[in-house]
Protein chains: 2
Amino acid sequence: MKEIRLNTELIYDGKILKLYKDSVKCPNGKTAAREIVKHNGGSAVLCIKDDKVLLISQYRYAYDEVIYEIPAGKLEVGEDPHTAALRELEEETGNKALKLEYLGKIYPSCGYTNEIIHLFLASDYVETQTSFDEDEFIEASYIPLKDVKKMILDGTITDAKTICAIGYYLLKN
Amino acid sequence: MKEIRLNTELIYDGKILKLYKDSVKCPNGKTAAREIVKHNGGSAVLCIKDDKVLLISQYRYAYDEVIYEIPAGKLEVGEDPHTAALRELEEETGNKALKLEYLGKIYPSCGYTNEIIHLFLASDYVETQTSFDEDEFIEASYIPLKDVKKMILDGTITDAKTICAIGYYLLKN
């Protein structure tokens, strides 16, 4: 079923992504084009303590909406996902995880990007200081798990990594 | 929290995506760059009958892997997500849904794409004929729900829309 790369062209080399246009040979011998967004990947952390989930709300330009998400961020080049998870959680919410469990990795949109998001569970943490990036504006809130479930079902929560993390949590518990 | 667009530049206008580089004014008055992949969105269908889940396995070039997914496909321009869900299910698996319930929409990677995937549940269907796109090579299998849950937890299933659809199903049932 594998496709063989015949040619690759770097269309754009940006700050958070690279875009490639490749041509591939399909299993039936025909040629097809593949537009691929290369992304360094990220880590995201589901914080649940006393049956309350830590969600952040953040304006996302791509959707022109304020979106509820679990804390997350991009991996630095060569950075270990566990380290990135600890760092982003602390930067975005001021929480330092005392225990961080790996839940799994997800592929957000496998048709055109190679991005991998690593999901973690923090069930114990202490509060420290936030330190946002200079173009990040984030509000954190602690929402009962039963309300988070309702917010998924009624369409208030739409972010895939957040829904996947809750899915993992429900499967494990 | 809103960001105001100051400038937009179309970097690439492709077959399945467009890439834009915008500059925006942040709430603190500073300017930031936003790299945005515009995508027409898609529909995906969770088929569950007799506690068995219909999964397809398909080689995905971006990851150089065969990936388990629920049947899905891109929306045509102006196409209704419900129509696209019915069409893709039939094309990829030969199943015609007799009942299609809307589960919700997900945002796969809200930092850089405007893609929306609409999730549906088909709990009753009949088998017809498959008709793949000429560059699609797909195998369908019916896997017990309890095994699908294990495949998520052990990392065999990584596709975000598939994990989200199972998450919705668990929350509803």
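**Q** Any chance you could explain the sheet that holds strand 2 (residues 17–25) of chain B here in plain terms?
**A** Two strands in a sheet stick together by hydrogen bonds in their backbones, pointing the same way (parallel) or opposite ways (antiparallel). All names here are of chain B. Read across the sheet, three strands follow the order 1-2-3 without closing on themselves; strand pairing throughout is antiparallel. Of all strands in the sheet, those with a lone pairing partner are strand 1 (4–13) and strand 3 (31–39), marking the two edges. Strand after strand, the sheet turns through a mean of 20° between neighbouring axes, direction not considered. Bridging between strand 2 and strand 3 involves nine bridges; their strand directions are antiparallel. The residue bridging K21 from the neighbouring strand is E35, located in strand 3.

**Q** Would you explain the interface of chain A and chain B in this entry?
**A** How big an interface is tends to be stated in terms of the accessible area lost upon association of its parts. Counting residues at the interface gives 66 residues for chain A and 67 residues for chain B. Summing the contributions of chain A and of chain B, the shared interface buries around 6,300 Å²; its carbon and sulfur component is 65%. One salt bridge connects K2(B) with D64(A), and the closest N-O pair in it is separated by 2.7 Å. Our enumeration of links across chain A and chain B arrives at 30 residue pairs in polar contact (both at pLDDT 80 or more). Residue assignment for the side of chain A that touches chain B shows that the elements contributing at least two residues are strand 1 (4–13), strand 2 (18–25), strand 3 (31–38), strand 5 (52–60), strand 6 (65–69), strand 8 (95–106), helix 2 (145–153) and helix 3 (160–172) of chain A. The dominant element in the side of chain A that touches chain B, judged by the number of residues it contributes, is helix 3 of chain A, at eight residues.

**Q** Teacher, can you tell me more about the environment of D124(B) here?
**A** Residue and element names in this part refer to chain B. Relative to the elements of secondary structure, D124 occurs in strand 9 (residues 117–127). Along the sequence, D124 and K2 sit 122 residues apart, while their C-alpha atoms lie 43 Å from each other. Not counting the four nearest positions on each side in its chain, D124 is found in contact with K49, K96, A97, L98 and K99.

**Q** How do you make sense of the packing of helix 3 of chain A against helix 3 (residues 160–172) of chain B when you look at a structure like this?
**A** The relative placement of two packed helices is expressed as an angle between their axes plus a distance between the axes. Viewed as axis vectors pointing N to C, helix 3 of chain A and helix 3 of chain B meet at an angle of 55°, and their least axial separation amounts to 8 Å. Of the possible angle classes, the one that applies to helix 3 of chain A and helix 3 of chain B is oblique. Between helix 3 of chain A and helix 3 of chain B lies a crossing whose hand is left-handed. On the side of helix 3 of chain A, the interface is formed by A160(A), I163(A), C164(A), Y168(A), L170(A) and L171(A), while helix 3 of chain B contributes A160(B), I163(B), C164(B), Y168(B), L170(B) and L171(B). Looking at the contact of helix 3 of chain A with helix 3 of chain B, its residues break down into 12 nonpolar, no polar and no charged.

**Q** Sorry, what's going on with unusual backbone geometry here?
**A** Excluding glycine, a negative phi dihedral is what most residues carry, and trans is how most peptide bonds are arranged. Within the chain, D51(A) stands out as a residue other than glycine whose phi angle is a positive 60°. Relative to the helices and strands, D51(A) resides in the loop between strand 4 (42–49) and strand 5. Although it is not a glycine, D64(B) adopts a positive phi angle of roughly 50°. By the element assignment, D64(B) lies in the loop between strand 5 (52–60) and strand 6 (65–69). The class of D64(B) is partly exposed, set by a relative accessible area of 42%.

**Q** What exactly am I supposed to notice about the nonpolar core here?
**A** In summary, soluble globular proteins display a tendency toward joint burial of nonpolar side chains. Formed by 52 residues in total, the largest nonpolar core has its most connected members in L46(A), L119(A), L46(B) and L119(B). Other than its neighbours up to four places away in sequence, L119(B) contacts A44(B), I70(B), E101(B), Y102(B), L103(B), G104(B), I106(B), K161(B), C164(B), A165(B) and Y168(B).

**Q** Please explain the relation of the copies chain A and chain B as it appears in this structure.
**A** A rotation about some axis, followed by a shift along it, carries one copy of the chain onto the other. Here chain A sits on chain B after a turn of 180° about the axis and a move of 0.0 Å along it, with an RMSD of 0.0 Å. Such a turn and shift between the copies fits a two-fold axis.

**Q** Would you take a moment to explain the sheet that holds strand 3 of chain A for this structure?
**A** Residue and element names in this part refer to chain A. Taken together, three strands build an open sheet; the order of strands is 1-2-3 and the sheet is antiparallel. Each edge of the open sheet is held by one strand with a lone partner, namely strand 1 and strand 3. Taking the axes of each pair of neighbouring strands and ignoring which way they run, one obtains an average angle of 20° across the sheet. As paired elements, strand 1 and strand 2 share eight bridges and run antiparallel to each other. By the bridge assignment for strand 2, Y12 is matched with L19.

**Q** How do you make sense of the confidence of the model for chain A when you look at a structure like this?
**A** In regions of low pLDDT, the predicted coordinates are not meant to be interpreted in detail. When the pLDDT values of chain A are averaged, the result is 94; 95% of them are 70 or greater. If you check the scores for this complex, the pTM reads 0.95 and the ipTM reads 0.95.

**Q** What should I look at first to understand the state of the cysteines in this one?
**A** Put plainly, two cysteines are in a disulfide when a covalent bond ties their sulfur atoms together. All chains considered together, the criterion is met by zero disulfides over all chains. Distance from the sulfur of C26(A), which forms no disulfide, to the nearest cysteine sulfur (C110(A)) is 16 Å. By relative accessible area, C26(A) is classed as buried at 4%. Take C164(A): it sits in no disulfide, and the sulfur closest to it among the cysteines is that of C164(B), at 3.6 Å.

Scoring rules and cut-offs
Residues numbered from 1 in each chain as written. Chains lettered and ligands numbered in written order. Predicted model: local features only at pLDDT ≥ 70, side-chain atom pairs only at ≥ 80, totals over all residues. Heavy atoms only, no water. Pairing = 2+ DSSP bridges. Helix = DSSP H or I, 4+ residues; strand = E, 2+ residues; numbered from the N terminus. Axes fitted to C-alpha atoms, helices over the stretch in contact; angles between N-to-C directions. Contact = heavy atoms within 4.5 Å. Buried area = accessible area lost by both parts, 1.4 Å probe. Salt bridge = Lys/Arg side-chain N within 4 Å of Asp/Glu carboxyl O. Polar contact = N/O pair within 3.5 Å; in protein donor to acceptor, adjacent residues only side chain to side chain. Parallel < 35°, antiparallel > 145°, perpendicular 65-115°, else oblique. Left-handed = near helix turned anticlockwise from the far one by under 90°. Nonpolar A, V, L, I, M, F, W, Y, C, P; charged D, E, K, R; others polar. Buried < 20%, exposed > 50% of the residue type's maximum accessible area, 1.4 Å probe, protein only. Core = buried A, V, L, I, M, F, W, Y, C linked by side-chain atoms within 4.5 Å. Least-squares fit on C-alpha atoms with pLDDT ≥ 70 in both. pLDDT = per-residue confidence, 0-100. Disulfide = S-S within 2.5 Å.

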